[in-house]
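One-letter residues, chain by chain:
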Amino acid sequence: MKKSHKIKKSSDVIVLNIMAYTFCGLIGLMCLVPFLMVISGSLSTESAIMENGFSILPQGFTLEAYKTVFKEPIVILRAYGTTIGLTLVGTLVGLLMQTMTAYVLSRKEFEWRNQFSFFFYFTTLFSGGLVPYYVLINSTLKLQDSYLAMLIPLLFSVYNLLIMKSYISALPDSLIDAAKIDGCGEFTILFRIVMPMIKPALATVGLFIALAYWNDWYNAMLYIKDETKFPLQYFLYQKINNIEAYKKLISNGNVSSSVVSSMSLPTQTLKMALTIVVTGPIILAYPIVQKYFVQGITIGAVKG
C-alpha cells in the first residue's frame, strides 16, 4: 500500500515538473523571440525587411549594417570606453555609498536612524523638478561637459538602499556584538563581516546600478555637448535621430536624387545592428550575477 502510494506520489511530481518546465520554457521562448528577431533584422537586407517584414531567420544574409556601424570605429570605441568607465566607477562608488548608508540605518544604536530613513523615503515622493536640477548641475556645480555630470546623478537610489537595508537588518545582531567585543571597529565589521555575508544583495544592487549607468542617455543629452564624451546610449540615440531626419528630408523632397544616391543612408537594419552593439555586452554580463540576483531580489519573501 505504501509502495503504491509512493509510486503515485512520484508520478505526480514528475507530471508537475513537466508542466512547470514546459510553462517556463514557453515563457522564456516568448521573451527570446523578440531578441532573435532583432539579431535577424541586423543580418538581413533592407529590401527583404521592407517587403516581408521582420522574421526569426535572416532574409538575404548581409553584414552591411554592421559595416555601417563600424565605419568610424574610433567613435564607437570612444563611446564604449566612456560608458564602460562610467559603469565601472559608478557601480563601485554607488555600491559602497549605499552599503555604508544601509549599514548605518540598520544599526539600532543609531538614535536618528528613523529620522534619516524618513528623509530618504520623502525624496521618493517629491522632487524639485527638472529646472532646479538643471540649474544645480549646470550653473551651481559647473559640471557641464564633465563626466561628473553623468556620474553623480545615478550614484544613489533609495530603492537600492531599501534592498540593502532589508538584507543587512536580517543579519544576526550577535555577530556584530561579538565582533565589537573582540575589538573590531565599525569599518572592520562592515568590510570583513557584513559585506561577505550580503553577496546576493551586493550583486542585485550592483546589477541595478550598472544597468542604470549603461542605459543612461538622458543626462548626456542635458549636460554633454562635447562629442568626444558621448556615452554609448546617447550615440545610439543620435544615430536613430539621424535616421529619422534623413527619412523626413527625403519624404519632403528637400534632398535631390543625386545627393540621395551618393549618401549611405541609415536603414532599419542599421537600427537593429546598433541595438545589438549597445545591448550585447550587458546581456553577456547578466549570467555572471544571475545566481546572486535571484537570491537578492527575493529578500524578505520568506521569513524563518
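Here the structure is a predicted model, which means the values were calculated and not measured.

1. As for the pattern of salt bridges
Logical step 1: Overall, the coordinates contain six salt bridges when judged by the stated rule.
Logical step 2: Note that Arg 107 is salt-bridged to Asp 173, the shortest N-O span being 3.9 Å. With Arg 107 in the loop between α4 (73-106) and α5 (113-122) and Asp 173 in helix α9 (residues 173-181), the pair connects residues that are 66 residues apart, well separated along the chain.
Logical step 3: For Arg 107, a relative accessible area of 9% translates into the label buried.
Logical step 4: Here Glu 186 ties to Lys 180 by a salt bridge, and the two come within 3.5 Å at their closest N and O atoms.
Logical step 5: Residue Glu 186 is classed as partly exposed on the basis of its relative accessible area of 39%.

2. Here's the deal with the side chain of Ser 40
Logical step 1: Within the secondary structure layout, Ser 40 lies in helix α1 (residues 2-42).
Logical step 2: On the basis of relative accessibility, which here comes to 2%, the residue Ser 40 falls in the buried class.
Logical step 3: Here Ile 56 takes part through its backbone oxygen, which lies 3.5 Å from a polar atom of the side chain of Ser 40.
Logical step 4: Apart from the residues lying within four places of it in its own chain, the contact partners of Ser 40 are Ser 55, Ile 56, Leu 57 and Pro 58.

3. A word on a nonpolar patch on the surface
Logical step 1: Where nonpolar side chains cluster on the molecular surface, the patch consists of Ile 84, Leu 88, Val 89, Leu 92, Val 93 and Met 97 and spans about 520 Å² of accessible area.
Logical step 2: Following the sequence through the fold, Val 89 ends up in helix α4.

4. Observations concerning the nonpolar core
Logical step 1: Within the largest apolar cluster, 32 residues are counted, with the highest numbers of intra-cluster contacts made by Tyr 103, Met 164, Ile 168, Val 194 and Ile 198.
Logical step 2: Among the elements of the structure, α4, α7 (148-151), α8 (158-169), α9, α10 (186-197) and α11 (199-215) are those that each provide at least two residues to this core.
Logical step 3: For this core, the leading source of residues is α8, giving six residues.
Logical step 4: Once residues within four sequence positions are removed from consideration, Val 194 is found in contact with Tyr 103, Ile 168, Leu 171, Ile 176 and Ile 189.
Logical step 5: Counting 21 residues, the second-largest nonpolar core is a separate cluster that includes Ile 76, Phe 235, Met 272 and Ile 282.

5. Description of the confidence of the model for the protein chain
Logical step 1: Across the protein chain, pLDDT averages 81, with 84% of residues at or above 70.
Logical step 2: The secondary-structure element of the protein chain with the lowest mean pLDDT is helix α14 (residues 257-262), recorded at 46, while α7 shows the highest, at 93.
Logical step 3: Taken together, the stretch residues 257-264 has pLDDT below 50 and engages in six contacts with residues farther than four places along the chain or on a different chain.
Logical step 4: Considering only residues more than four positions removed or in separate chains, one finds that residues 296-304, a stretch of pLDDT under 50, has eleven contacts.

6. Focus on the packing of α4 against α8
Logical step 1: In contact at an axis separation of 8 Å, α4 and α8 are set at 50 degrees when each is read in the N-to-C sense. With respect to α8, the axis of α4 lies oblique. You can see that α4 and α8 cross each other, and the crossing is right-handed. Contacts from Leu 95, Gln 98, Thr 99, Thr 101, Ala 102, Tyr 103, Leu 105 and Ser 106 of α4 reach α8 at Asn 160, Leu 161, Met 164, Lys 165, Ile 168 and Ser 169.

7. Some points on α10
Logical step 1: For α10, which comprises twelve residues, the first-to-last C-alpha distance of 15 Å matches the rise-based estimate of 16 Å (1.5 Å per residue) to within 8%.
Logical step 2: Listing the buried residues of α10 in full gives Ile 189, Leu 190, Val 194 and Met 195. Seen from one end, α10 has its buried residues packed into an arc of 140 degrees, which puts them on one side.
Logical step 3: On its buried side, α10 packs onto α4, α8, α9 and α11.

Thresholds applied
- Along each chain, residue indices are assigned from 1 in the same order as the chain's sequence is written.
- Where local features are concerned, this predicted model is filtered to residues with pLDDT of at least 70; where side-chain atom pairs are given and counted, the filter is 80 or more; whole-chain, interface and lining totals use all residues.
- The side-chain values count all of the structure's non-hydrogen atoms but skip hydrogen atoms and water molecules.
- Salt bridge, as used here, is a side-chain nitrogen of Lys or Arg placed within 4 Å of a carboxyl oxygen of Asp or Glu.
- Note on conventions: DSSP H or I runs of at least 4 residues are helices, E runs of at least 2 residues are strands, and numbering of each starts at the N terminus.
- Between buried and exposed lies partly exposed: a residue is buried under 20% and exposed over 50% of the maximum accessible area for its type, with that area taken using a 1.4 Å probe on protein chains only.
- Think of a polar contact as two N or O atoms within 3.5 Å of one another; within protein, one of them needs to be a possible hydrogen donor and the other a possible acceptor, and neighboring residues in sequence only count if both atoms come from side chains.
- Every residue pair with non-hydrogen atoms within 4.5 Å of one another is taken to be in contact.
- Patches were defined on residues exceeding 30% relative accessible area and lacking a salt bridge, with like-charge contacts within 9 Å and nonpolar side-chain contacts (Val, Leu, Ile, Met, Phe, Trp, Tyr) within 5 Å.
- Method for areas: the Shrake-Rupley scheme with a 1.4 Å probe, in which residue coverage is limited to the protein chains shown.
- Here, nonpolar core refers to any group of buried Ala, Val, Leu, Ile, Met, Phe, Trp, Tyr and Cys residues whose side-chain atoms link them within 4.5 Å.
- What pLDDT expresses is the predictor's confidence in each residue, scored from 0 to 100.
- In this description, a line fitted to the C-alpha atoms serves as the axis of each element, helices being fitted only across the stretch in contact, and the angle between N-to-C directions of two axes falls anywhere from 0 to 180 degrees.
- Here is the rule for angles: anything less than 35 degrees is roughly parallel, anything more than 145 is roughly antiparallel, 65 through 115 is roughly perpendicular, and the remaining ranges are oblique.
- The handedness criterion is simple: a crossing whose near helix is rotated anticlockwise from the far helix by less than a right angle is left-handed, and one whose near helix is rotated clockwise is right-handed.
- Working rule for helices: expected span equals 1.5 Å times residues minus one.
- This arc describes the spread of directions from the helix axis toward the C-beta atoms.

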